[in-house]
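Descriptive analysis of the structure
Here is how the chains run, residue by residue.
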Amino acid sequence: MVLASSLARNTTLAGYIETRLSLEHDRQCRNFHIHRLATLFSVNEGDEAVRAKRAIEVLPFVGLVEKYNDSLGRLEKLLESEGFKGIHLKPVEANVSRTVKKSIDEKLIEIKAQLGDEIYSMLEEANKVDLDVWERLNHGE
């Protein structure tokens, strides 16, 4: 098994992603979020995508990093409705190395430039379900 930290130190981002995608059962770069969400239900209850989408429907809260402050506000309201009166959640940035705030589109353009078209396309294909669910959450909130 490839040790992720060693791989990261000894290759480019494109090499790292290509290697991770070549490992059949490695989920780090392949529908990671769907894989995690699907574990809420038994494998007998549908394929991974069905179970993950169902998890999003039944969970009381799912936030988005891109809408962190809005997500915290929604979580506050939910917690208050559950009896946590006077709760105030505030964003705290920790382990943040970048000081420049970029849009998701700007970040994706940079990543595509680093990876090249072929690896970027492989990454998109390997994350179709994650991307679909992200779109639903991003535009459905």
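Here's what I pulled together on the structure shown here.

The rules behind each value
- Residues numbered from 1 in each chain as written.
- Predicted model: local features only at pLDDT ≥ 70, side-chain atom pairs only at ≥ 80, totals over all residues.
- Heavy atoms only, no water.
- Helix = DSSP H or I, 4+ residues; strand = E, 2+ residues; numbered from the N terminus.
- Buried < 20%, exposed > 50% of the residue type's maximum accessible area, 1.4 Å probe, protein only.
- Contact = heavy atoms within 4.5 Å.
- Areas by Shrake-Rupley, 256 points an atom, 1.4 Å probe, with all protein chains shown as cover.
- Lys, Arg positive; Asp, Glu negative; His and termini not counted.
- Charge placed at Lys NZ, Arg CZ, Asp CG, Glu CD.
- 1 Å grid on protein atoms, 1.4 Å probe; cavity = no way out; pocket = protein on both sides within 12 Å on 5 of 7 lines; lining within 4 Å.
- Points joined across faces, edges and corners; volume = space filled by probe spheres on them.
- Arc of directions from axis to C-beta.
- Polar contact = N/O pair within 3.5 Å; in protein donor to acceptor, adjacent residues only side chain to side chain.
- Phe/Tyr/Trp six-rings, centres within 6.5 Å; stacked < 30°, edge-to-face > 60°.
- Lys NZ or Arg CZ within 6 Å of the ring centre and 35° of its normal.

**Notes on the overall build of the protein**
Along the backbone of the protein there are eight helices and zero strands. For the protein, the C-alpha atoms occupy an extent of roughly 50 × 45 × 30 Å along the three principal directions. Within the protein, buried positions represent 26% of all 141 residues. For the protein, contacts bridging at least 24 residues in sequence account for 39% of all contacts bridging at least 6. For the protein, the accessible surface area stands at approximately 10,300 Å², while carbon and sulfur atoms represent 54% of it. Averaging the positions of the 20 positive and the 24 negative side-chain charges in the protein gives two centres separated by 4 Å.

**Side note on unusual backbone geometry**
The backbone phi angle of N31 is positive, close to 40°, even though this residue is not glycine. One can find N31 in the loop between α2 (13-22) and α3 (32-38). When its relative accessible area of 11% is taken as the criterion, N31 is described as buried.

**Things to note about the layout of surface pockets**
Picture a little ball the size of a water molecule; that probe, rolled over the atoms, points out where space is still empty. Here the largest pocket defines a volume of roughly 2,200 Å³. In this structure, the largest pocket is lined by 47 residues; those nearest its centre are V65, E66, I104, K107 and W134. Elements supplying a minimum of two residues to the lining of the largest pocket: α2, α3, α5 (68-81), α6 (104-115), α7 (117-126) and α8 (128-140). Considering each element in turn, the lining of the largest pocket owes the most residues, seven residues, to α6.

**Describing helix α4 (residues 48-58)**
All buried positions along α4 are accounted for by A49, R51, A52, A55 and I56. Relative to the axis of α4, the buried residues are bounded by an arc of 165° and lie together on one face. Taking the backbone nitrogen of A49 as reference, a side-chain oxygen 3.1 Å away marks D47 as the first, capping residue of α4.

**Observations regarding the packing of aromatic side chains**
Across all of its chains, the model carries zero aromatic pairs by this definition. Its guanidinium or amino end placed over the ring of F41, R54 lies 3.9 Å from that ring's centre, counting from NZ or CZ.

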